[in-house]
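One letter stands for each residue in the lines below.
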Amino acid sequence: MNKYPKVSIIIPLYVISDRFFEDLIKFNNLDYPNFEILIVCDQKVALPRFKKIKARLILTGQSNTGPAEKRDIALKYAKGEFCAFIDDDAYPHPLWLKNAVPNFLDTSIVAVGGPGVTPPEDTYWGQMTGLVYGSFFCSGFAQYRFVKGKRQYVRDYPAYNLLIRKTALLKVGGYGNHFYGGEDTFLCLKLVKKGFKIFYDPNVLIFHHRRPLFVSYLKQIANVGRHRGYFARVFPQTSFTWEYFIPSILAISLIALIVLSPFQTWAQLLLFTLLPFFYLLAILSVINKTNILDALIVSTGIILTHMVYGLNFIQGYLTKQLLR
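What counts and how
Residues numbered from 1 in each chain as written. Predicted model: local features only at pLDDT ≥ 70, side-chain atom pairs only at ≥ 80, totals over all residues. Heavy atoms only, no water. Helix = DSSP H or I, 4+ residues; strand = E, 2+ residues; numbered from the N terminus. Buried < 20%, exposed > 50% of the residue type's maximum accessible area, 1.4 Å probe, protein only. Polar contact = N/O pair within 3.5 Å; in protein donor to acceptor, adjacent residues only side chain to side chain. Contact = heavy atoms within 4.5 Å. Salt bridge = Lys/Arg side-chain N within 4 Å of Asp/Glu carboxyl O. Core = buried A, V, L, I, M, F, W, Y, C linked by side-chain atoms within 4.5 Å.

Novice: Looking at this model, I keep getting lost on the side chain of threonine 305. Mind explaining?
Specialist: Here threonine 305 lies in helix H12 (residues 292–318). In this structure threonine 305 comes out as buried when scored by relative accessible area, which is 6%. At 2.6 Å, the side chain of threonine 305 and the backbone oxygen of glycine 301 are in polar contact. Not counting chain neighbours up to four residues away, the residues in contact with threonine 305 comprise Val132, Cys138, Tyr217, Leu218, Ile221 and Gly310.

Novice: Would you take a moment to explain the pattern of salt bridges for this structure?
Specialist: Note that side chains of opposite charge can pair when their charged atoms are close. Under the criterion given, the structure shown has eight salt bridges. Ionic pairing is found between lysine 98 and aspartate 31, a salt bridge with its closest N-O pair at 3.1 Å. Of this pair, lysine 98 sits in helix H3 (residues 96–100) while aspartate 31 sits in the loop between helix H1 (18–25) and strand S2 (35–41), and the two are 67 residues apart along the sequence. Notably, a salt bridge pairs arginine 71 with aspartate 87, separated by 3.0 Å at the nearest N-O pair. Of the two residues, arginine 71 is situated in helix H2 (residues 67–75) and aspartate 87 in the loop between strand S4 (82–86) and strand S5 (90–92); the sequence distance between them amounts to 16 residues. Judged on exposure class, the residue arginine 71 and its partner aspartate 87 are both buried. Each of Asp23, Lys26 and Glu121 takes part in one network of salt bridges that share partners.

Novice: Explain the nonpolar core here, please?
Specialist: A general tendency of soluble globular proteins is for nonpolar side chains to be buried together. Among the nonpolar cores identified, the biggest contains 86 residues, and Val7, Ile9, Ile11, Phe27, Phe35, Trp96 and Leu97 are the most heavily contacted of them. Each residue touching valine 7, except ones within four places of it in the same chain, is listed here: Tyr32, Asn34, Phe35, Glu36, Gly80, Phe82, Ala84, Leu97 and Val101. Counting seven residues, the second largest nonpolar core, distinct from the first, contains Phe186, Leu189, Tyr230 and Phe235.

Structure representation (structure tokens):
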């Protein structure tokens, strides 16, 4: 493999904002000599001038296209040996590509992912969301997606930071779906079924902006939970695992205790024992990263995350067909 094989960076642009263009300028800082940027959008936008790199706008010719569809359109134009997918609300660490590409020296690896950490310039409420994501008590065994974890093989990885061999993408037919949330799970399932390996490297780092706590963030979590619940039934190979069901069990248990507590003493006892206990666990999971007041706010976000995710997971699991 060439030391610096060409990489096609693909950005599905949905939210056209000043922040996107500010983030786009930061791609100038990439320490890698051979890449292109493909931005796919439903409408024409004026791209900023870059010092050294090439960026191309690709119009879909459609309206309301999803991220998977945009990425598949870009695949037709990509000239790189690897396609590097990143969202329109993120930007890379300067060593993003230089750290990612050597992993592909192992020819059994077709995809490499890395963490999407909270940018230091995010707002206070965005930082609070970042602490929610980064808590093990919230994200569990998926915590490595939001903070640096250990190097490992994975079976599923989000497309906000995912590099894939173009040949493998073509072999499985690209993303090939219309899901808006979970489109990457569908792709990873196709890769795994082919016997391909997906690898996680903590040094393949991007900065991923957070939605502010609470309302905007919880809407996103509801969508994630709904898609994961649907996938747990339809695509059990990667999504029917016990950890995805834990928030639903917690949510149902808490609601049952709230309903029963006015009538049953044991329910009152459990409710007023378990809820403070959960709060304590949530606080302890983040107290080393912030102050006590912020830890209380974040712990509330963690518990609400489990509730919203858990209930929407059930809804998704019972849904016959998930519409975009």
